[in-house]
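Overview (structure and organization)
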Amino acid sequence: MPDVLTDRLPTMVKAALPAVPGLNLVPGVRKTGGPLPERTLDRHDVPLDGDHVARYAEICGFPRKDTLPLPYPHLLAFGMHMEIMTAGDFPFPAIGTVHLENSITQHRPIALTEDLQVTAYADNLRPHAKGQVFDMVTRVHSRAELVWEETSTFLRRGHGTEGAPSGASYPDAPATGTTWRLPGDLGRRYASVSGDHNPIHLYGLTARAFGFPRQIAHGMWSMARCVGALENRLPDQVHVDVAFKKPILLPGTVAFGSRHLTEREGGPGYAFSLTDPRSRAPHLTGSATAG
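Because the structure is a prediction, the values reported are computed rather than measured.

Across the protein chain, pLDDT averages 90, with 89% of residues at or above 70. Long-range and interchain partners of residues 1–9, a stretch whose pLDDT sits below 50, account for 22 contacts in this model, where long-range means more than four residues apart. Across residues 19–29, where pLDDT falls below 50, the model places eleven contacts with residues more than four positions away in sequence or in other chains.

The following block contains the structure:
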C-alpha cells in the first residue's frame, strides 16, 4: 500500500486535541482563527495498490476493474489534507470541522498501472450563513497530464454572516425503491481503507463524545456508494457534485434515488440522493454530468 495510505491514527489524535476540554488552551493546540496558510503539498511517483483498490471497491459498491473507482484518488490525498489541517498555523481544528460539499472531475479513467503526482492545498476562506467555509483542493497528474481534481468544502461553525450563501443545492431525485442496510461497523471498515479514523465514525461511545447519538457514516463513503450505483451509466469524463446533509446514523437504512437530468437542469446526466426512508429527510443530494 502507498505510504500516503498508511495508518494515520497519530494524526487523528493530533486532530482531536483541540476538541478536548482544557487541552484547547495549550499553546500549539489552540486554534484561534485567521487566514489559511499558503502551503502546497506534493507527492510524486505515488504507486497504486491493486489489492487496496479492490478493498475500497468492495466497500463502496464498485465493480472490480483495471481502472480506479472515480472517488478513489481522494484517499491518496487524505493524509495530505490532514497534514495541512493539523499544522500549527491552520486556523481551525480538524475535528468538528464539517465536510459540507464535494466536487470531483475525472478527466479520464486512471489505470492501476499508473504512477501519480498528487497535490493538495487549502484555499478560498469565505463567509457562510453559519460561520466560515474553506476549500481543500486536490489535483492528480499522470506524467504531467491533469487526470483528476477535487474540491472539498468544509464549514467551521461560528458567527454567521447575514446574506452569505448557506450551501449548494441540486435537483431533487426522489427515492425509487432501492434501500441499503448499513451495518454498525461500516465506519470502521471504511476507515480501514481510507485512513479516516475520525472518532465520530467508529463507535457509539466515541461518537457521543462529539455530540452524536451513535457513530455516523463517512460522507465520502456515501458519495462513493452513490457513484458506484451509477458507475456503468457515467461517461469516462465526468463531473460529480454532492452536498452532505443530515448525518447517516449507524447501523441504519438509507434510500437511494436517481433520475435523468433535463437539459434545463444541466443534463445530460443524473441527479441522485440518499434519504431517510421513513422521514424522507435528505442525507446527500448530488449530480453527475459529462465533464
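Here we come to the layout of surface pockets. What the largest pocket holds in volume is close to 1100 Å³. What lines the largest pocket is a set of 49 residues, and nearest its centre among them are T97, V98, H99, L100 and I200. Considering every element that reaches the lining of the largest pocket, the biggest residue donor is helix α3 (residues 73–86), with six residues. Here the lining of the largest pocket is built from residues that sort into 27 nonpolar, 15 polar and seven charged.

A separate point is the sheet that holds strand β3 (residues 116–128). Either a parallel or an antiparallel arrangement is found when strands of a sheet pair, and the pairing is made through backbone hydrogen bonds. Read from one edge to the other, the open sheet built from ten strands follows the order β1-β3-β4-β5-β2-β7-β10-β9-β8-β6, with strand pairing classed as antiparallel. The open sheet terminates on both sides in strands that have one partner only, identified here as β1 (40–46) and β6 (178–182). Direction aside, the axes of adjacent strands within the sheet are offset by 15 degrees on average. Sheet topology places strand β2 (residues 98–106) next to strand β5 (residues 145–157); eight bridges connect them, and they run antiparallel.

Right, let's talk about the side chain of S273 for a bit. Its place among the elements puts S273 in strand β9 (residues 269–275). Classification of S273 as buried rests on a relative accessible area of 4%. Polar contacts involving the side chain of S273 include one to the main-chain carbonyl oxygen of A173, which spans 2.5 Å.

This part is about the packing of helix α2 (residues 50–60) against helix α4 (residues 186–194). Two elements in contact, α2 and α4, have axes separated by 9 Å at closest approach and are oriented at 155 degrees. Classified by the interaxial angle, the pair formed by α2 and α4 is roughly antiparallel. Helix-helix and strand crossings are classified by hand; for α2 and α4 the assignment is left-handed. Listed contacts from α4 to H52, R55, Y56, I59 and C60 of α2 are L186, R189, Y190, S192 and V193. Among the residues making up the contact of α2 with α4, the classes are represented as six nonpolar, two polar and two charged.

Right, let's talk about α3 for a bit. The end-to-end C-alpha separation of α3 is 21 Å, in line with the 20 Å expected for 14 residues at 1.5 Å each. At G79, α3 shows its maximal bend, which comes to roughly 30 degrees.

A few words now on unusual backbone geometry. The general pattern is negative phi for most residues beyond glycine and trans for most peptide bonds. Backbone torsion omega between L250 and P251 reads -10 degrees, so that peptide bond is classified as cis. Positionally, P251 belongs in the loop between β7 (238–244) and β8 (252–260). Residues G267 and P268 are joined by a peptide bond in cis, for which omega reads 10 degrees. By the secondary structure assignment, P268 is in the loop between β8 and β9. Non-glycine residue N124 carries a positive phi angle of around 65 degrees. Structurally, the position occupied by N124 is in strand β3.

Scoring rules and cut-offs
Residues numbered from 1 in each chain as written. Predicted model: local features only at pLDDT ≥ 70, side-chain atom pairs only at ≥ 80, totals over all residues. Heavy atoms only, no water. pLDDT = per-residue confidence, 0-100. Contact = heavy atoms within 4.5 Å. 1 Å grid on protein atoms, 1.4 Å probe; cavity = no way out; pocket = protein on both sides within 12 Å on 5 of 7 lines; lining within 4 Å. Points joined across faces, edges and corners; volume = space filled by probe spheres on them. Helix = DSSP H or I, 4+ residues; strand = E, 2+ residues; numbered from the N terminus. Nonpolar A, V, L, I, M, F, W, Y, C, P; charged D, E, K, R; others polar. Pairing = 2+ DSSP bridges. Axes fitted to C-alpha atoms, helices over the stretch in contact; angles between N-to-C directions. Buried < 20%, exposed > 50% of the residue type's maximum accessible area, 1.4 Å probe, protein only. Polar contact = N/O pair within 3.5 Å; in protein donor to acceptor, adjacent residues only side chain to side chain. Parallel < 35°, antiparallel > 145°, perpendicular 65-115°, else oblique. Left-handed = near helix turned anticlockwise from the far one by under 90°. Expected span 1.5 Å × (residues − 1). Bend = angle between axes of the 7 residues up to and from the residue.

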